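# Coordinate inspection notes
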Amino acid sequence: MVSFPLQIEPTRLDDPGHVQAFLALLDHYARDPMGGGKPLAEAVRAELPQRLAGRPGFVSFLAFSGPEAIGLINCFEGFSTFAARPLLNVHDIVVHAEHRGRGIAQGLLAAAEAEARARGCCKLTLEVLSNNQRALAAYDQAGFRPYVLDPAAGQALFLQKWL
């Protein structure tokens, strides 16, 4: 579906250009209703790149159309105790609003999947808001399915507790 040259690169947090693109896209996502509708706090913008650079399980890719960064995926390695293997959780995925519906998310998800396979992961996981129909369709197209162990027990829910 991509009708232009799309380049997907690992995010380099030691490259000022990548850091700028990373923060701009993450802020774009944060400002979207599906990302909470508020800009990233200045303290987060100042600390995030350095803090992520020090996390060994952090995986990130930027999607470029020419010199313009138009998409971002951030993932973190976890571990499946049931499979005794690592897993990769997609924590953030954003495609700039001007470029949505063109297959960029599929490219970013494919990059994350390739990295997960290279790490010997047993699966990719992610969470999505139940009314984010566009994202749900993209994830379905990429092969994601609801987390169900036994249909009688229901579907897994994602919960949080702020500290």
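Note that the structure is a prediction, hence the values are computed from the model and not measured. (Residues numbered from 1 in each chain as written. Predicted model: local features only at pLDDT ≥ 70, side-chain atom pairs only at ≥ 80, totals over all residues. Heavy atoms only, no water.)

### What to know about the environment of aspartate 140
Applied cut-off: Every helix listed is a DSSP run of H or I at least four residues long, and every strand listed is a run of E at least two residues long, numbered separately from the N terminus. Note on exposure labels: buried denotes an accessible area under 20% of the residue type's maximum, exposed denotes more than 50%, and partly exposed covers the range between, all computed with a 1.4 Å probe on protein chains only.
Along the chain, aspartate 140 turns up in helix α4 (residues 133–141). In this structure aspartate 140 comes out as partly exposed when scored by relative accessible area, which is 45%. Here the alpha-carbon distance between aspartate 140 and lysine 161, two residues 21 residues apart in the chain, equals 28 Å.

### A few points about a nonpolar patch on the surface
Counted only if it meets this: Only residues above 30% relative accessible area that lack a salt bridge enter a patch, with like-charged residues linked at up to 9 Å and the nonpolar side chains Val, Leu, Ile, Met, Phe, Trp and Tyr linked at up to 5 Å. Calculation of accessible area relied on Shrake-Rupley with a 1.4 Å probe; when residues are assessed, cover is drawn exclusively from the protein chains displayed. A carboxyl oxygen of Asp or Glu within 4 Å of a side-chain nitrogen of Lys or Arg is what we treat as a salt bridge.
Together, Phe82, Tyr147 and Leu149 make up a nonpolar patch on the protein surface, roughly 410 Å² of accessible area in all. Within the fold, phenylalanine 82 resides in the loop between β3 (68–80) and β4 (85–95). Look at phenylalanine 82 and you get exposed, because its relative accessible area is 73%.

### Some words on the pairing of β3
The condition is simple: When DSSP finds two or more bridges between a pair of strands, those strands are recorded as paired.
Looking at chain direction, strand β2 (residues 58–65) and β3 are connected through eight bridges and run antiparallel. The partner of alanine 63 across the bridge, within β3, is glycine 71. The turn linking β2 back onto β3 is made up of two residues, and glycine 66 within it adopts a positive phi angle of 65°. Across 10 bridges, β3 lies against β4 in antiparallel orientation. Looking at β4, one finds that serine 80 is bridged to arginine 85. Taking the residues between adjacent antiparallel strands as the criterion, β3 and β4 are bridged by four residues, where alanine 84 takes a positive phi near 55°.

### Remarks on the state of the cysteines
Which entries qualify depends on this criterion: Any cysteine sulfur atom paired with another within 2.5 Å is treated as part of a disulfide.
As enumerated under the stated definition, the model contains zero disulfides in all. Cysteine 121 supplies the cysteine sulfur nearest to cysteine 75, a cysteine that is in no disulfide, at a spacing of 9.6 Å. A relative accessible area of 0% places cysteine 75 in the buried class. No disulfide involves cysteine 121; its sulfur sits 7.0 Å from that of cysteine 122, the nearest cysteine. By relative accessible area, which is 9% here, cysteine 121 ends up buried.

### So, the pattern of salt bridges
In the structure shown here, the tally under the stated rule is nine salt bridges. For arginine 100, the salt bridge identified is with aspartate 32, shortest N-O distance 3.5 Å. Linking arginine 100 in the loop between β4 and α3 (104–118) with aspartate 32 in the loop between α1 (16–31) and α2 (42–53), this pair joins segments that are 68 residues apart in sequence. Glutamate 77 is paired through a salt bridge with arginine 119; the nearest N and O atoms lie 2.6 Å apart. Of this pair, glutamate 77 sits in strand β3 while arginine 119 sits in the loop between α3 and β5 (124–126), placing them 42 residues apart in sequence. On the accessibility criterion, arginine 119 (28% relative accessible area) is partly exposed. Here the residues in one salt-bridge network are Glu9, Arg12 and Asp15, joined through shared partners.

These results come straight from atomic positions and should not be treated as a statement about function.
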